[in-house]
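# An overview of the molecular structure
In case you want the letters, here they are:
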Amino acid sequence: MLEVVCAIIMRDHQVLLCQRAPGKHLAGSWEFPGGKVEEDEEAVAALQREIREELACSIEVGEALPALEHHYPALSLRLQAFPCRLAPSSLEPRALEHAAIRWMPLQDVETLELAGADRRLWNQLRDVIGSISP
């Protein structure tokens, strides 16, 4: 099972979402930013590394949310999400590895084509997301 972490980065009642690049698994679908946890890497360190590599910014990470397992036809993953915010000294996020990034108003997230695991995560979070803070 692939260990994956993602950041629920919020500001001003919006959440940051990223569109998967062409040629990648689930290309064109939207997801919360993050990625794979390397062997012998802590989840929070992996998340901070992935955000630096993919978005060229720094985050403050809150307490882990309940993990979920998701099974795609080609792979199974365990997704661990963390509420986050941009670090005070951080640059604005930039799409270095994604087709696009977007700050989405919470009420509009449903309109995007989310990847399966991210859709399940959003379904669990949408009713409590306003109270989540890092």
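Residues numbered from 1 in each chain as written. Predicted model: local features only at pLDDT ≥ 70, side-chain atom pairs only at ≥ 80, totals over all residues. Heavy atoms only, no water.

## Considering the overall build of the protein chain
Applicable threshold: In DSSP terms, a helix is any run of H or I states spanning at least four residues, a strand is any run of E spanning at least two, and both are numbered starting from the N terminus. Radius of gyration means the value over C-alpha atoms here, while the globule rule gives 2.2 Å times the residue count to the 0.38 power. When a residue's accessible area, from a 1.4 Å probe over protein chains only, is under 20% of the maximum for its type it is buried; when over 50% it is exposed; and in between it is partly exposed. Only the protein chains shown count as cover for residues, with accessible areas throughout obtained via the Shrake-Rupley method and a probe of 1.4 Å.
Counting its regular elements, the protein chain contains two helices and eight strands. Secondary structure elements of the protein chain, listed N to C terminal, follow the sequence β-β-β-β-α-β-β-β-β-α. Over its C-alpha atoms the protein chain spans a radius of gyration of 14 Å, differing by no more than 12% from the 14 Å that the globule rule assigns to 134 residues. Along the three orthogonal principal directions, the C-alpha set of the protein chain runs to about 40 × 35 × 30 Å. Counting over 134 residues, the protein chain shows a buried share of 46%. On the protein chain, roughly 7000 Å² of surface is accessible, and the fraction owed to carbon and sulfur atoms is 47%.

## Side note on the state of the cysteines
Under the convention used in this document: Note that a disulfide, as used here, is simply two cysteine sulfur atoms within 2.5 Å.
In total, this model carries zero disulfides according to the counting rule given. Unpaired in this structure, Cys6 has its nearest cysteine sulfur neighbour in Cys84, at a distance of 8.4 Å. Between Cys18, a cysteine without a disulfide, and Cys57, which holds the nearest cysteine sulfur, the sulfur-to-sulfur distance is 8.9 Å. Residue Cys18 is classed as buried on the basis of its relative accessible area of 0%.

## Examining helix α2 (residues 116–125)
Under the convention used in this document: The directions considered for the arc are those from the helix axis to the C-beta atoms. By the convention used here, residues are in contact when the closest approach between their heavy atoms is within 4.5 Å.
Turning to α2, its buried residues number three or more, namely Ala117, Asp118, Leu121, Trp122 and Leu125. Down the axis of α2, the smallest arc covering the buried residues is 135°, so these residues share one side. Lining the buried residues of α2 we find β1 (2–11), β3 (30–31), β6 (68–71) and β7 (76–86).

## Notes on the pattern of salt bridges
Here is the rule we go by: A pairing counts as a salt bridge when a side-chain nitrogen of Lys or Arg comes within 4 Å of a carboxyl oxygen of Asp or Glu.
This structure, assessed with the given rule, holds 10 salt bridges. Residue Arg78 is joined to Glu3 by a salt bridge in which the shortest nitrogen-to-oxygen separation is 3.2 Å. Here Arg78, found in strand β7, pairs with Glu3, found in strand β1; they are 75 residues apart in sequence, far enough to count as distant. Arg78 sits in the partly exposed class, given a relative accessible area of 30%. Two residues, Glu92 and Arg11, come together in a salt bridge whose shortest N-O distance is 2.6 Å. With a gap of 81 residues between them, Glu92 in the loop between β7 and β8 (100–105) and Arg11 in strand β1 connect regions that are remote in the sequence. For Glu92, a relative accessible area of 40% translates into the label partly exposed. Judged by relative accessible area, Arg11 falls into the partly exposed class, the value being 29%. Shared partners join several salt bridges into a network, and the residues in it are Glu38, Glu41, Arg49, Glu50 and Glu53.

## What about the pairing of β7?
Here is the rule: At least two bridges found by DSSP between two strands is the condition for calling them paired.
Burial within β7 is extensive, with eight of its 11 residues counted as buried. As judged from the three bridges shared by strand β5 (residues 59–61) and β7, these two strands associate in the antiparallel manner. Looking across to β7, one finds that Val61 is bridged to Cys84.

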